[in-house]
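# Summary of structural features
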Amino acid sequence: MAAAQARQRGGNADEVSVTAEHGVRLEVDGEIATITLDRPEKRNAQTFATWSALARIGESLPEQVRVVVVKGEGPSFSAGIDLRMFTPEGVPGQGSFSSAATSVDATFEQRISQAQAGFLWLRRPEIVSIAAVQGYAIGAGFQLALSCDLRIVADDVSFCMKEPALGLVPDLTGTKPLVELVGLAKAIDICLTARTVHADEAMRIGLAEQVVARGDLDQAVRDKVAELLAVNRDAAIATKRLLQGAQGRSLEEQCAAERIEQAARIKALFA
């Protein structure tokens, strides 16, 4: 199937990897990797299999990839957790929250950790990740968008942290970036009311870097990718490391980190 899709796109078979049973599609084109949540009939709802597939992509991402685009097929980015996980029957072959509740705490925490791995790698300094978000980005979908470095959104986007309304907490790495982006008070408001954040507010409070018309989303992402790839790769990696560490350092510590990174860059360029 992967080979057939690659031929349809005019590429090589190893450029396209499809895990249809997990609803995730990966396409690699040189320095660009595109991850597509591909369950449009379910509004790209996520399951344990989805998170496992995302983690495996992170583990095997080709070294040449510099930019990762995460998107959803169809009208929505992701409507969150597959509702079958809340039923006793669960998702075939994956169980349910009911079955997980009977396991020992350490076992279930390990399963959550494995799910989180599918989100954490998108923050690695050697790549820049972009969430191209349209329609619903609910719960796990919101957190997947938050796991990316940048969010370019369509004007029909609807962000919502639904977990507290369902008796759960957001556990897919979304709480820290949400607080860092919008502040503690606004994060509390968004999460504990489970209200919807639309495009204009998302742009105003820092959840989105760019808002475009729905039909312009793909082109806006392509333009941003081109801008990112125009920058020296090693300088981009070093700069992202500096920016990621800035909040946890004092000014003096950040200055020292800048000196170390710059010394390495000067040596690489001119020694």
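Structure report, in brief. (Residues numbered from 1 in each chain as written. Predicted model: local features only at pLDDT ≥ 70, side-chain atom pairs only at ≥ 80, totals over all residues. Heavy atoms only, no water.)

With that out of the way, let us pick up the pairing of strand S2 (residues 24-29). Taking burial as the measure, the six residues of S2 include five buried ones, the bulk of the element. Relative to strand S3 (residues 32-37), S2 runs antiparallel, the two being bridged by six bridges. When the bridges of S3 are listed, Asp29 appears paired with Ile32. Connecting S2 to the antiparallel partner S3 that follows it, the hairpin turn spans two residues, and Gly30 within it adopts a positive phi of roughly 65 degrees. (Buried < 20%, exposed > 50% of the residue type's maximum accessible area, 1.4 Å probe, protein only. Helix = DSSP H or I, 4+ residues; strand = E, 2+ residues; numbered from the N terminus. Pairing = 2+ DSSP bridges.)

The next subject is the pairing of strand S4 (residues 67-72). On a regular strand, one side chain projects to one face of the sheet and the next to the other, so that they alternate. Of all six residues in S4, five are buried, a share of seventy percent or more. Across six bridges, S3 lies against S4 in parallel orientation. Each bridged residue has a counterpart across the sheet, and for Ala33 the counterpart in S4 is Val68. For the crossover that starts at S3, traverses helix H2 (residues 48-60) and ends in the parallel S4, the hand is right-handed. Of the strand pairs in this sheet, S4 and strand S5 (residues 128-133) are connected by five bridges, and their pairing is parallel. Residue pairing for S5: Val68 is matched across the bridge by Ser129. (Right-handed = clockwise from strand over helix to strand, strands pointing away.)

The next point concerns the nonpolar core. Nonpolar side chains tend toward joint burial in soluble globular proteins. One finds Ile35, Trp51, Val68, Val133, Phe159, Leu178 and Leu207 to be the most contacted residues of the largest nonpolar core, which totals 49 residues. Core analysis: the second largest hydrophobic core is formed by 11 residues, Val69, Ala132, Ile152 and Ala154 among them. (Core = buried A, V, L, I, M, F, W, Y, C linked by side-chain atoms within 4.5 Å.)

Residues other than glycine seldom take positive phi values, yet Asn44 does so here, at roughly 60 degrees. Its place among the elements puts Asn44 in the loop between S3 and H2. A relative accessible area of 2% places Asn44 in the buried class. One non-glycine residue, Thr173, lies in positive phi territory at about 70 degrees. Along the polypeptide, Thr173 turns up in the loop between strand S8 (158-160) and helix H6 (175-182).

Before going further, it helps to spend a moment on the side chain of Gln46. Within the secondary structure layout, Gln46 lies in the loop between S3 and H2. Those residues within four positions of Gln46 in sequence are excluded, and the remaining contacts are Leu37, Arg39, Trp51, Ser78, Gly80, Ile81, Asp82, Met85, Phe119, Ala140, Gly141 and Leu144. (Contact = heavy atoms within 4.5 Å.)

Here Lys240 lies in helix H10 (residues 233-246). A polar contact of 2.9 Å, which involves the side chain of Lys240, links it to the backbone oxygen of Arg124. In this view, Lys240 contacts Leu122, Arg123, Arg124, Pro125, Ile127, Val128 and Asp149; residues no more than four positions away in its chain are not counted. (Polar contact = N/O pair within 3.5 Å; in protein donor to acceptor, adjacent residues only side chain to side chain.)

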